[in-house]
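Examination of the molecular architecture
Listed below are the residues making up each chain.
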Amino acid sequence: MKPLISTLVLFFFLSLAISAQNKPVLEYDSLSTESLGADDYGMKKYVMAFLKKGPNRNHSEQEAAELQQAHLENIKRMAQNGDLVLAGPFIDDGDIKGIYIFNVETIEEAKALTETDPAVKAGRLIMELHPWYGTAALLKVNEIHNIIKTDEF
């Protein structure tokens, strides 16, 4: 029985060694650090927005649908411009409807971007803005998303 266990243990460690050789090892890259605006920790400043129910929620179904489509088009525009790193809805029925992570350093810059949102202009949404410190790798999210999606909103 011992030779079988020894053989299995040896096989296990050999398979780990082989699989480790097949995985790329990522190392520090100063050019990536610089291009992403990362600090020594690989982090950078952003502004996070919580999209909340606004005071004007009495739109007709058609108006609400049109505002939603314009809201999505604005999200796409900001993402294509590099201003918006991440966006998405919460899927419960709470007062916080979604989040944005803006690729800006100040609340003022983020406020100017939120004011371009048709749903905010119509009072259907309001934004609560907070400075946030997170990984600079988030700037690659939209690039990766474009590789894995098969449809548009």
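Rules used in this analysis
Residues numbered from 1 in each chain as written. Predicted model: local features only at pLDDT ≥ 70, side-chain atom pairs only at ≥ 80, totals over all residues. Heavy atoms only, no water. Helix = DSSP H or I, 4+ residues; strand = E, 2+ residues; numbered from the N terminus. Contact = heavy atoms within 4.5 Å. Core = buried A, V, L, I, M, F, W, Y, C linked by side-chain atoms within 4.5 Å. Buried < 20%, exposed > 50% of the residue type's maximum accessible area, 1.4 Å probe, protein only. 1 Å grid on protein atoms, 1.4 Å probe; cavity = no way out; pocket = protein on both sides within 12 Å on 5 of 7 lines; lining within 4 Å. Points joined across faces, edges and corners; volume = space filled by probe spheres on them. Nonpolar A, V, L, I, M, F, W, Y, C, P; charged D, E, K, R; others polar. Pairing = 2+ DSSP bridges. Axes fitted to C-alpha atoms, helices over the stretch in contact; angles between N-to-C directions.

Our focus in this paragraph is the overall build of the chain. Of the regular secondary structure elements, the chain holds six helices and four strands. The order of helices and strands in the chain, counted from the N terminus, is α-α-β-α-β-β-α-α-β-α. By sequence separation, contacts in the chain at least 24 residues apart represent 74% of the contacts at least 6 residues apart.

As a further point, take the nonpolar core. Core analysis: the largest hydrophobic core is formed by 15 residues, its most contacted members being Tyr100, Phe102 and Leu129. Of all the elements in the fold, those that place two or more residues in this core are β1 (43–53), α3 (61–80), β3 (96–102), α4 (107–114) and β4 (125–135). Each residue touching Leu129, except ones within four places of it in the same chain, is listed here: Val47, Met48, Ala49, Phe102, Ile107, Ala110, Lys111 and Thr114. Met48, Val85, Ile101 and Leu138 belong to the second largest nonpolar core, which has five residues in total.

So, on to the layout of surface pockets. Taken as a whole, the largest pocket encloses approximately 930 Å³ of empty space. Taken together, 35 residues form the lining of the largest pocket, with Leu72, Ile75, Ala87, Gly88 and Phe153 sitting closest to its centre. At the level of secondary structure, the elements contributing two or more residues to the lining of the largest pocket comprise α3, β2 (84–89), β3 and α6 (141–148). Among the elements that make up the lining of the largest pocket, the one with the highest residue count is α3 (10 residues). Here the lining of the largest pocket is built from residues that sort into 17 nonpolar, nine polar and nine charged.

With that settled, the discussion passes to the sheet that holds β2. What the four strands build is an open sheet, ordered β2-β3-β1-β4; its pairing is antiparallel. Whereas interior strands pair on both sides, the edge strands pair on one side only; in this sheet they are β2 and β4. In this sheet, adjacent strand axes meet at a mean angle of 20 degrees when their direction is disregarded. When β2 meets β3, the two strands line up antiparallel, connected through five bridges. Across the sheet, Pro89 pairs through a bridge with Gly98, a residue of β3. The sheet contacts of α4 involve β1, β3 and β4, and relative to β4 the element is tilted by about 135 degrees.

Don't take any of this as a statement about function, it's just geometry.
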